[in-house]
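# Architecture and fold: a report
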Amino acid sequence: MGGYQPPSAEEIILYAKDPATKIATITFNRPDHLNAPTADARLRYADLLHRAEIDDDVKVVVIRGVGSNLGSGADIPEAMAMSMDPSAEGWLRELRVDDASAVNFPPIGSFRHGSAITQWYANAAAGCRSLQEFKKISIVEAKGYCYGWHFYQAADADLVISSDDTLFGHPAFRYIGFGPRMWTWAQTMGIRRFQEMVFTGRPFTAQEMYDCGFANKVVTRDQLEAEVDKYAQACARNRPTDTIFMQKIFFEMMKQNQGEYMGSMLTALFEAVGNHAKPDASELTLDEDTLSAGINNAVKDFDEGFPPDFRLSKSARRRPE
């Protein structure tokens, strides 16, 4: 990993529960890195949701972030280091292979080299789709940036309560063109609105996400935590946990009838073969030069070419053309 030492998964993903209210809280605790989860943190997140689903002390899970943002997506420096590591040790760990030394990862150039990890994102145990199969009630508290991996969580949650300063989107639409929850975003936002996000790469405001039916409530930042707590208390008091479990099975069957899991697999397929797409001259691509310079810097530079209200960065959105 080239000396890169992020915090432990236990430091990044905090968990607490109150058996009296049956409300648990998962908190992303890495505000200096916009709450970016490492691969290990995503696995811990998946494990915590699995534990909460089994735990009779839990009926509702609230998901929130420390600091000004819910989060801006995965740990890109770690992801870059893992993708360029010929040993694939990091990817094997993310794939939950206990003894990496005993496994020979598919070679670079094979379809399975990239597809193994993108198909894994369709598995609830990977931490990218975990909320989709969660049989308790989940509430995402969105604020600041809700990008990338954190946007996955908002798509899969039962309820999204947002502060009015939140931006929703995925930087991958600027440098890849796909994201693992595309099918679900199209369902929850409406296909025309989501097509606008994909084709322009622009983030949507909290009000826009409320107007298209993605967010349940938009409040000011100072009201956000109290509003989320009000919803959590109401959900926890409303019906027995057994009833909630049955309700969630109903909604899961409905989503699967609409092809949710198939959508995850299709997106993984497109991501795996995406490097075969011929880039245009002015396009941002994940070539060796971009990876070496850093995706974050490349995305920021590319962002400057868009109209201010289409930019991903809040500071860039405040600058004129």
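Report on the accompanying structure.

Calculation rules
- Residues numbered from 1 in each chain as written.
- Predicted model: local features only at pLDDT ≥ 70, side-chain atom pairs only at ≥ 80, totals over all residues.
- Heavy atoms only, no water.
- Patch = residues over 30% accessible without salt bridge, like charges linked within 9 Å, V, L, I, M, F, W, Y side chains within 5 Å.
- Areas by Shrake-Rupley, 256 points an atom, 1.4 Å probe, with all protein chains shown as cover.
- Salt bridge = Lys/Arg side-chain N within 4 Å of Asp/Glu carboxyl O.
- Helix = DSSP H or I, 4+ residues; strand = E, 2+ residues; numbered from the N terminus.
- Buried < 20%, exposed > 50% of the residue type's maximum accessible area, 1.4 Å probe, protein only.
- Contact = heavy atoms within 4.5 Å.
- Pairing = 2+ DSSP bridges.
- Core = buried A, V, L, I, M, F, W, Y, C linked by side-chain atoms within 4.5 Å.

## Concerning a nonpolar patch on the surface
On the surface, a nonpolar cluster with roughly 490 Å² of combined accessible area is contributed by Phe 111, Met 262, Leu 266, Leu 269, Phe 270 and Val 273. If you tally residues by element for the nonpolar patch, the top one is helix H13 (residues 260-273), at five residues. Its place among the elements puts Phe 111 in helix H5 (residues 111-120). Since its relative accessible area comes to 43%, Phe 111 is described here as partly exposed.

## What about the environment of His 113?
Here His 113 shows up in helix H5. Counting along the chain gives 205 residues from His 113 to Arg 318, while the straight-line C-alpha distance between them is 41 Å. The residues contacting His 113, other than those within four sequence positions of it, are Trp 91, Phe 105, Pro 106, Pro 107 and Ile 108.

## With respect to the sheet that holds strand E5 (residues 145-147)
Spatial ordering of the open sheet is given by E5-E7-E8, a layout of three strands whose pairing is mixed. Every interior strand has two partners, whereas the edge strands, E5 and strand E8 (204-205), have only one. Examined bridge by bridge, E5 and strand E7 (residues 167-169) share three bridges and lie parallel to one another. Bridging from a neighbouring strand, Cys 146 pairs with Phe 168 of E7.

## Some thoughts on the nonpolar core
Ranked by size, the top nonpolar core spans 54 residues in total, and within it Phe 151, Trp 185, Met 189 and Phe 214 carry the most contacts. The dominant element in this core, judged by the number of residues it contributes, is helix H2 (residues 39-54), at seven residues. For Phe 151, the contacting residues outside a window of four places in its chain are Cys 146, Phe 168, Gly 169, His 170, Trp 185, Met 189, Met 197, Met 209 and Phe 214. Counting 14 residues, the second-largest nonpolar core is a separate cluster that includes Ile 161, Leu 224, Cys 235 and Ala 236.

## Let's talk about the pattern of salt bridges
Counted by the stated rule, this structure contains 22 salt bridges. Taking the shortest distance from any N to any O, the salt bridge between Glu 196 and Arg 202 comes out at 2.9 Å. Here the salt bridges share partners, and the residues they tie into one network are Arg 129, Glu 133, Asp 156, Arg 181 and Glu 260.

## As for the pairing of strand E4 (residues 137-142)
Taken across its six residues, E4 has six buried, putting it largely inside the fold. Here strand E3 (residues 60-65) pairs with E4 via four bridges, running parallel. Of the residues in E4, the one forming a bridge with Val 62 is Ile 139. Pairing of E4 with strand E6 (residues 159-163) involves four bridges; the strand directions are parallel. Within E6, the position partnered with Val 140 by the bridge is Val 160.

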